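What follows is the residue order along each chain.
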Amino acid sequence: MKTMNRVRLLALPFLLALVTALPAAAASLLNVSYDPTRELYQDFNAAFTKHWKAKTGQDLTVQQSHGGSGKQARAVTDGLEADVVTLALAYDIDAIAASGLLPKNWQTLLPNNSTPYTSTIVFLVRKGNPKKIHDWEDLARPGISVITPNPKTSGGARWNYLAAWGYALDKYGNNEAKAKDLVTRIYKNVPILDTGARGSTVTFVERGIGDVLIAWENEAIYSVQKLGKGKFEIVAPSKSILAEPPVAVVTKVAKKHKTEALARAYLEYLYTPEGQEIAARNYYRPRGPGAAAKYAAQFPQVTLFTIDQMFGGWAKAQKTHFADGGVFDQIYQAGR
Amino acid sequence: MKDRSASFPLLFSVLTLASVAFGGAARAQEPAPPADPPAETEPAATDETEAPKSVDERLDEIDQKLRVLDRRGEIKEEAEAEKAKTATFVTSGKDGFSLKSADGAFVLKLRGYVQFDARLFSDDRARPNVDTFLLRRVRPIFEGTVFDRFDFRIMPDFGQGTSTLFDAYVEGRFTPYFKVRAGKFKPPVGLERLQGATDIFFVERALPTNLVPNRDLGVQISGDLAGGRANYAVGAFNGVVDGANGGDLDSNSGKDLAARLFFTPFVKSENPALRGLGFGVSASQGTQNGTTAATGLPSYRTDAQQTFFSYRSDGTAAGTVIANGDRKRLSPQLYWYGSRFGLLSEYAIASQEVRRGAVAADLENKSWQVAGSWVIAGGSPSYRGVAPKKNFDPKAKTWGAFELVGRYSELDVDDDAFPVFASPTSAASSAKALGFGLNWYFNRSVRFMFDLVQTRFDGGGVAGSAVGDRPDEKVVLSRFQINF
């Protein structure tokens, strides 16, 4: 009996420590995303939090982190404990999967290759289009100042680059040399490489630098509608790339945080009519037929090609163009 | 003309540079940062077949160049700010050397202290002692924080020719009023014992420290209450003998519970005379049983670290006294630090059930001390030592801080200990120590101490064929100390 009392006394500090360390009833989620999705996920998080509370009674806080897609992927790999990632391109999530934080078949775990919405690449020019910019070749003209971020750090920048390259391949009958020449001349006209898409928008819209911004369609519409109404115009090139920003649960982190089911529900909500409506309202092209039809008028008509069609997928495109010593580095070095 | 809403701040610069453009001078060639394409690729190229540029176009070009330069500066600043978020900060200063992550969640500090002493006995012909220089303490300290709320500390000691681990613990700071510490550290008993070894008034702690544990292994909960006006600590420990630094394993299954409640009710007061007042009580209780090989009983030492009391021990069951049951300690305590004066006082009672062969007793030893400090120049006393207002710097004619200290302490062994449990001719039944000293604080890290201490004993010696008093111990203790 005396021994039992002593054991209880000795256990007391551990018990108190355990009670203190127990998680609170409210849940939290960290969504690590790319640069221009701030407004999208502010809206979406508010809607999902309300939905989750109604469904489970649980209070939820969703934290957002934004930056260049490649940089964000490296942050997650280096230890930023994201429950979900919503990045600009599949290659960046593949890089996270390679570190073992989520399964390699992550893209099969949600519909549409885990891309609940799409976008494309367009041009944002100043009101009246004073430099008469209509298609990709206009960006290579002498005297044109082009704003685009750095493909080494920004997923959007890689889409921009590949959109130009794909256009050139299509135009010049898959002549790689001519495509390289066009893209080289475009990048010779780039005075500043921001680290992310939002940084380039700031450069063009707020700092007044450049004649044309190569931008995500959603970012371009957002700039026209919200940042400088009446000051800018969107120019749709004759051809562009179908940008598919994917989403995934970072399963290892979510398991550790005990948020796996919550994280999956969060991403699945993107596919619901409510989620699709929010995406469309934030100028992303919705996958769902209802929202797609409702918002069709806000998106310019562009002939789109996919990365698989033109480049054989992200892994190949990355290796050829953006790896150290790849085509982009050659273009960049040549320009120096 | 483009819509460039932010152009006004640049107008003056644009106009200044316009003269260059009108004069057809060579175009400005800004050196391009490594991350950007070269200046010649900027939108200034002209085709030979192109018509000459208008003034507006030339102004527009210059304006763009200036904007690009500004923006490059912004991007560079943003990159540096981003880098700073994940940078590791290396610092060195009066608190030692440290590495700290950008968010402060991970910290590693390298600290330590060295105490080089001289111990010189006077008038010790009747009981000769060795005058010696010694490295009293040589303690590197590794401490830090991981994941924001978990602190750790590792402190070995290489002084006096030994290598001993003193501190090795981890502490979780869950809230200010709830912290959990586990490992080896000071149990929350005593007052001067809980004060840092670099902060004490005298070279050695006073006699009451003999009756409280030094270091022990265990788990402790502690925290600040009422905005820091009260502090509590309670823990379970292996249970070391009085004054001992416990080993890594316990020698018996008995455990000690220890607790301390300490009040600093005026710690937030504007009145400096009240702010430095602190008082409290600490206690421990446990059951300890010794063996002839590990008796579980202490011996007591003077300022000069000479043993003046120990229990009988001849290696046999009949001739060796061992711990035999309950051990209790109680220590009311008080300190007060004003602008120039400091006072520290504590009382300690340690009782232990003992046995020698078939004879058992419950012995109660008592000790107390009163110590005072007068900082005669250059600083103010505190429980954490004196921080000089001006550091020692002969060129600037500043000399640090000087402190005079005085102390009286007594330790009284239970009369029932004699003669069965302790020899009256070799173990003193009481010690009374009076000491004075001077401390010179060169700065927060370097300190010189000089003490004169005389200790008188009752018993513990031989006078002719009868029990006599152990000769007085008169010792000069001095210390050079550096802590960082």
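Residue positions are given per chain, counting from 1 as you read along its sequence in written order. Starting at A for chains and at 1 for ligands, labels are handed out in the order in which the entities are written. Selection of residues for local features in this predicted model requires a pLDDT of at least 70, selection of side-chain atom pairs for listing and counting requires 80 or more, and totals for whole chains, interfaces and linings are taken over all residues.

**A closer look at the sheet that holds strand S1 (residues 27-34) of chain A**
All names here are of chain A. Taken together, four strands build an open sheet; the order of strands is S2-S1-S3-S9 and the sheet is mixed. Looking at strand neighbours, the two that pair on one side only are strand S2 (60-67) and strand S9 (247-249), the edges of this open sheet. Within this sheet the neighbouring strands show an average axis-to-axis angle of 20°, counted without direction. Looking at chain direction, strand S3 (residues 84-86) and S9 are connected through three bridges and run antiparallel. Its bridge partner being in S9, Val85 is matched across the sheet by Ala248. For every residue pair, C-beta atoms are placed from the backbone, and the pair is scored as a contact if these atoms sit within 7 Å. Axis angles are defined between N-to-C directions and span 0 to 180 degrees, where every axis is a line fitted to C-alpha atoms and, for a helix, only to the segment in contact. Secondary structure is summarised from DSSP: a helix means a run of H or I of at least four residues, a strand means a run of E of at least two, and numbering begins at the N terminus for each. Seen against the sheet, helix H2 (residues 38-56) touches S1 and S2 and runs at an angle of roughly 165° to S2. Think of it this way: DSSP has to see at least two bridges between two strands before they count as a pair.

**Regarding the nonpolar core**
Only buried Ala, Val, Leu, Ile, Met, Phe, Trp, Tyr and Cys residues enter a nonpolar core, and they are joined through C-beta atoms within 7 Å. Exposure classification rests on a simple neighbour count of other C-beta atoms within 10 Å of a residue's own: a residue reaching 20 or more is buried, one at 12 or fewer is exposed, and one in between is partly exposed. C-beta atoms are placed from the backbone. Counting residues in each nonpolar core, the largest one holds 100 residues, and the members touching the most others are Val84(A), Val85(A), Ala164(A), Val183(A), Val212(A) and Val250(A). The dominant element in this core, judged by the number of residues it contributes, is helix H6 (residues 155-171) of chain A, at ten residues. Not counting chain neighbours up to four residues away, the residues in contact with Ala164(A) comprise Trp136(A), Leu182(A), Val183(A) and Ile186(A). Tyr337(B), Leu411(B), Ala431(B) and Met449(B) belong to the second largest nonpolar core, which has 38 residues in total.

**Quick notes on the confidence of the model for chain A**
One confidence number per residue, pLDDT, is output by the predictor and ranges from 0 to 100. Within chain A, residue pLDDT values average 89, and 91% of them lie at 70 or more. Predicted confidence for residues 1-24 of chain A stays below pLDDT 50, and this span has 14 contacts to residues more than four positions away or in other chains.

**Some remarks on unusual backbone geometry**
Cis geometry is found at the peptide bond from Phe418(B) to Pro419(B), where omega equals 0°. One can find Pro419(B) in the loop between strand S17 (401-412) and strand S18 (428-441). Residue Asn112(A) is not a glycine yet carries a positive backbone phi of 50°. Considering the arrangement of structural elements, one finds Asn112(A) in helix H5 (residues 111-114). Overall, Asn112(A) belongs to the partly exposed group, with 14 C-beta atoms counted inside 10 Å. Of note in the backbone geometry, Tyr283(A) takes a positive phi value of approximately 75° without being a glycine. Here Tyr283(A) lies in the loop between helix H12 (273-281) and strand S10 (285-286).

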